[in-house]
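Residues per chain, in single letters:
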Amino acid sequence: MVVWTDFERSTIQDIFSKMDYEVVGPAALTRCLIVYPWTQRYFGNFGNLYNAAAIMGNPMVAKHGTTILHGLDRGVKNMDDLKTTYAELSVLHSEKLHVDPDNFKLLSDCLTIVVAAKLGKAFTGEVQAAFQKFLAVVVSSLGRQYH
């Protein structure tokens, strides 16, 4: 069980309350697919992902990026039980889609960069630590192999 401080809880809720999911989600997923091209193998049905311009203009990438952020929002609302919140998604990603759990960490790093750029000076070390703790717990919850 993860223990959240009042600062961490309020910081995470504040970040997500101000986030434009339709901008941040696509930007984070796009960054991940460009910087870590091997992650593209999970998106074979998304069509043209042959170069950065194609990835940036791909509506399916944008849609899935937004979906990912809405999934994270579920975690923000259920911070005290992330394992249960993400149990079904974990099974889907590990058993059906066979996604390497390390890819969730790569995406969380890309999301941190995008959020840091959006928040600017407000993304202090303490804010970053709280945000990355949340993402690390989500990644851990998603990365579990349920058999």
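Fair warning: this is a prediction, and the values are worked out from it, not measured in the lab.

What to know about the nonpolar core
Next, step 1: Within the largest apolar cluster, 39 residues are counted, with the highest numbers of intra-cluster contacts made by Phe16, Leu72, Leu111 and Phe134.
Next, step 2: Going through the elements one at a time, α1 (6-18), α2 (21-35), α4 (59-77), α7 (102-119) and α8 (125-143) are the ones with two or more residues in this core.
Next, step 3: Sorting elements by how many residues they give to this core places α8 first, with eight residues.
Next, step 4: Every residue in contact with Leu72, bar those within four places of it in the chain, is listed here: Phe16, Tyr86, Leu111, Phe134, Leu135 and Val138.

Thoughts on α4
Next, step 1: Taking 1.5 Å of rise per residue, the 19 residues of α4 would be expected to cover 27 Å, and the 27 Å separating its terminal C-alpha atoms lies within 8% of that figure.
Next, step 2: Among all positions in α4, only Val61, Gly65, Thr66, Leu69, Gly71, Leu72, Asp73, Gly75 and Val76 are buried.
Next, step 3: The opening residue of α4 is Asn58, an N-cap whose side-chain oxygen sits 2.8 Å from the backbone nitrogen of Met60.

Quick notes on the side chain of Ser108
Next, step 1: Looking at where Ser108 falls in the secondary structure, it is placed in helix α7.
Next, step 2: Aside from chain neighbours lying at most four places away, what touches Ser108 is Leu135 and Val139.

Concerning the layout of surface pockets
Next, step 1: Here the second largest pocket defines a volume of roughly 200 Å³.
Next, step 2: Around the second largest pocket, the lining comprises twelve residues; the ones closest to its centre are Met1, Val2, Leu82, Lys83 and Val137.
Next, step 3: Going through the elements one at a time, α5 (82-85) and α8 are the ones with two or more residues in the lining of the second largest pocket.
Next, step 4: The residue inventory of the lining of the second largest pocket, partitioned by class, reads six nonpolar, two polar and four charged.

Rules of the game
Residues numbered from 1 in each chain as written. Predicted model: local features only at pLDDT ≥ 70, side-chain atom pairs only at ≥ 80, totals over all residues. Heavy atoms only, no water. Core = buried A, V, L, I, M, F, W, Y, C linked by side-chain atoms within 4.5 Å. Buried < 20%, exposed > 50% of the residue type's maximum accessible area, 1.4 Å probe, protein only. Helix = DSSP H or I, 4+ residues; strand = E, 2+ residues; numbered from the N terminus. Contact = heavy atoms within 4.5 Å. Expected span 1.5 Å × (residues − 1). Polar contact = N/O pair within 3.5 Å; in protein donor to acceptor, adjacent residues only side chain to side chain. 1 Å grid on protein atoms, 1.4 Å probe; cavity = no way out; pocket = protein on both sides within 12 Å on 5 of 7 lines; lining within 4 Å. Points joined across faces, edges and corners; volume = space filled by probe spheres on them. Nonpolar A, V, L, I, M, F, W, Y, C, P; charged D, E, K, R; others polar.

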